[in-house]
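Coordinate analysis (summary)
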Amino acid sequence: MRKVKVMMFQGFVVLWLVMVFLVGCGEDESEISSVEDLKNNIVWKKDGAKMVFIPSGSFEMGDHFGEWEANERPVHKVILDGFYMDVREVTVGQFKAFLADSGYNWGGSWNSVAEYSPGDEYPMVSVDWNDATAYAKWSGKRLPTEAEWEYAARGGLIGKRYPWGNEIDKTKAHYDSWNRGSGTTKAVGSFEANGYGLNDMAGNVWEWCADWYDKDYYQNSPAKNPPGPGLGSSRVLRGGGWYGKTCLLRVADRGSYDPDSRSDILGFRCVSGLK
């Protein structure tokens, strides 16, 4: 307890000094509102990604409405440690920086990326699970587990269909834009964040998770920090993409894909444990 109190006192001292500096430079004090903001929002040094802290806690994982696939049931309690998550999906620009710095041999096509994500601020696509894992390792982070992803996507809401509530809303996510064979992603952060401050947890691109996929995993998964099955043939995908049915945007929806396959609707974001 003493250590916590000392850290809080030091944090307030740092905040006071920062605010004095900003005022002295003619900046608005409101740019930094509290020590809590400094703790819960960080910028990851390696790739410059903004990250937000997802607090530890428990939630009921799965389809609360019993309206879709059996692989989303039974609804079961999951307990998770806190972690940091990228606010936005990894962008084309960030992936380019990773390739330049690491020398990683990516097997995708830049022409395909440019067709569906036409700019550095758009989500990186045409990445398989191995590409996403390599980026995460290079950056000093990892892919989220399926449980972490759903917990974060719910944004603190209990038993809802989507990250914002129960009704589909075209202003909340980018989806169903496959128009006569054409369409693209949107720049990351184009839509309002969920309750945890995360953008695009529904739509834009499907996001790779760390887990192997098992349609029956919910029947026997551990309650605390479930890591996913030990073996499998496909990896979990979550969140839905820029074209597809609205049912795929539900926070409980479970997708999967061959980890060696790339597509114009597949992307990712990263997480990290407490620092």
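None of these values were measured; they are calculated from a predicted model.

Before going further, it helps to spend a moment on the pattern of salt bridges. If you walk through the whole model with that rule in mind, you get 19 salt bridges. A salt bridge links Asp-101 to Lys-46, with the shortest nitrogen-to-oxygen separation between them at 3.5 Å. Here Asp-101 is found in helix H3 (residues 92–102), whereas its partner Lys-46 is found in the loop between strand E1 (41–43) and strand E2 (50–54), with 55 residues between them in sequence. The shortest N-O distance in the salt bridge between Arg-250 and Asp-253 comes to 3.4 Å.

For Arg-235, the position within the fold is in strand E7 (residues 235–238). Although buried, Arg-235 forms no salt bridge, and the nearest oppositely charged side chain, Asp-211, lies 6.9 Å from it. From its side chain, Arg-235 meets the backbone oxygen of Ala-210 in a polar contact 2.8 Å long.

Let us look at the nonpolar core. If you look at the biggest cluster of nonpolar residues, it comprises 27 residues, and the most contacted ones within it are Phe-95, Tyr-135, Trp-208 and Phe-268. It is helix H5 (residues 129–139) that provides the largest number of residues to this core, a total of six residues.

Okay, the pairing of strand E5 (residues 83–86) next. Where a strand is regular, its side chains alternate between the two sheet faces. What you see with E5 is no split at all: Phe-83 and Met-85 on one side and Tyr-84 and Asp-86 on the other are buried throughout. In the sheet, E2 pairs with E5 via four bridges, with the strands oriented antiparallel. Its bridge partner lying in E5, Val-52 is registered against Met-85. Here E5 runs beside strand E10 (residues 271–272); their pairing, made up of two bridges, is antiparallel. By the bridge assignment, Tyr-84 is partnered in E10 with Ser-272.

It is worth spelling out the sheet that holds E10 at this point. Reading across the sheet, the four strands line up as E1-E2-E5-E10 and stay open at both edges, with antiparallel pairing between neighbours. Of all the strands in the sheet, just E1 and E10 have a single pairing partner and so form its edges.

Structurally, His-64 is set in the loop between strand E3 (57–61) and strand E4 (76–80). Assessed through its relative accessible area of 33%, His-64 is described here as partly exposed. Considered as a pair, His-64 and His-76 are 12 residues apart in the sequence and their alpha carbons are 9.8 Å apart. Among all residues touching His-64, those that are not within four sequence positions of it are Val-75, Arg-154 and Gly-159. At 3.4 Å, the side chain of His-64 forms a polar contact with the backbone oxygen of Glu-60. Within the structure, the side chain of His-64 is placed 3.1 Å from the backbone oxygen of Gly-62, a separation counted as a polar contact.

Attention shifts here to the packing of H3 against H5. Packing of H3 against H5 brings their axes to within 11 Å, and their N-to-C directions diverge by 70°. One finds that H3 runs roughly perpendicular with respect to H5. Together, Gln-94, Phe-95, Ala-97, Phe-98, Asp-101 and Ser-102 of H3 and Asp-131, Ala-134, Tyr-135 and Trp-138 of H5 make up the contact between the two elements. Of the residues assigned to the contact of H3 with H5, the class counts are six nonpolar, two polar and two charged.

Let us now look at the confidence of the model for the protein. Of the residues in the protein, 84% have a pLDDT of 70 or more, and the chain-wide mean is 87. Considering only residues more than four positions removed or in separate chains, one finds that residues 1–38, a stretch of pLDDT under 50, has 14 contacts.

Counting through the fold element by element, Met-124 comes out in the loop between helix H4 (110–116) and H5. Placed 31 residues apart in sequence, Met-124 and Gly-93 show a C-alpha to C-alpha distance of 8.0 Å. Setting aside residues no more than four positions away along its own chain, Met-124 makes contact with Val-90, Thr-91, Val-92, Phe-95, Trp-106, Trp-110, Val-113, Leu-266 and Gly-267.

We now examine the packing of aromatic side chains. Applying the stated criterion across every chain yields a total of 15 aromatic pairs. Look at Phe-59 and Tyr-151: their rings are 5.2 Å apart centre to centre, the planes differ by 35°, and that puts the pair in the tilted class. In this pair, Phe-59 is assigned in strand E3 and Tyr-151 in helix H6 (residues 146–154), connecting sequence segments 92 residues apart. On the basis of relative accessible area, Tyr-151 is assigned to the buried category, the value being 7%. Three or more aromatic residues link up through ring pairs in this structure, and these residues are Phe-95, Phe-98, Tyr-104, Trp-106, Trp-110, Tyr-135, Trp-138 and Phe-268. When the ring centre of Phe-65 is taken as reference, the NZ or CZ atom of Arg-161 above it lies at 4.1 Å. Geometry around Trp-129 places Arg-235 over its ring, the cationic atom sitting 3.8 Å from the centre.

Cut-offs applied
Residues numbered from 1 in each chain as written. Predicted model: local features only at pLDDT ≥ 70, side-chain atom pairs only at ≥ 80, totals over all residues. Heavy atoms only, no water. Salt bridge = Lys/Arg side-chain N within 4 Å of Asp/Glu carboxyl O. Helix = DSSP H or I, 4+ residues; strand = E, 2+ residues; numbered from the N terminus. Buried < 20%, exposed > 50% of the residue type's maximum accessible area, 1.4 Å probe, protein only. Lys, Arg positive; Asp, Glu negative; His and termini not counted. Polar contact = N/O pair within 3.5 Å; in protein donor to acceptor, adjacent residues only side chain to side chain. Core = buried A, V, L, I, M, F, W, Y, C linked by side-chain atoms within 4.5 Å. Pairing = 2+ DSSP bridges. Contact = heavy atoms within 4.5 Å. Axes fitted to C-alpha atoms, helices over the stretch in contact; angles between N-to-C directions. Parallel < 35°, antiparallel > 145°, perpendicular 65-115°, else oblique. Nonpolar A, V, L, I, M, F, W, Y, C, P; charged D, E, K, R; others polar. pLDDT = per-residue confidence, 0-100. Phe/Tyr/Trp six-rings, centres within 6.5 Å; stacked < 30°, edge-to-face > 60°. Lys NZ or Arg CZ within 6 Å of the ring centre and 35° of its normal.

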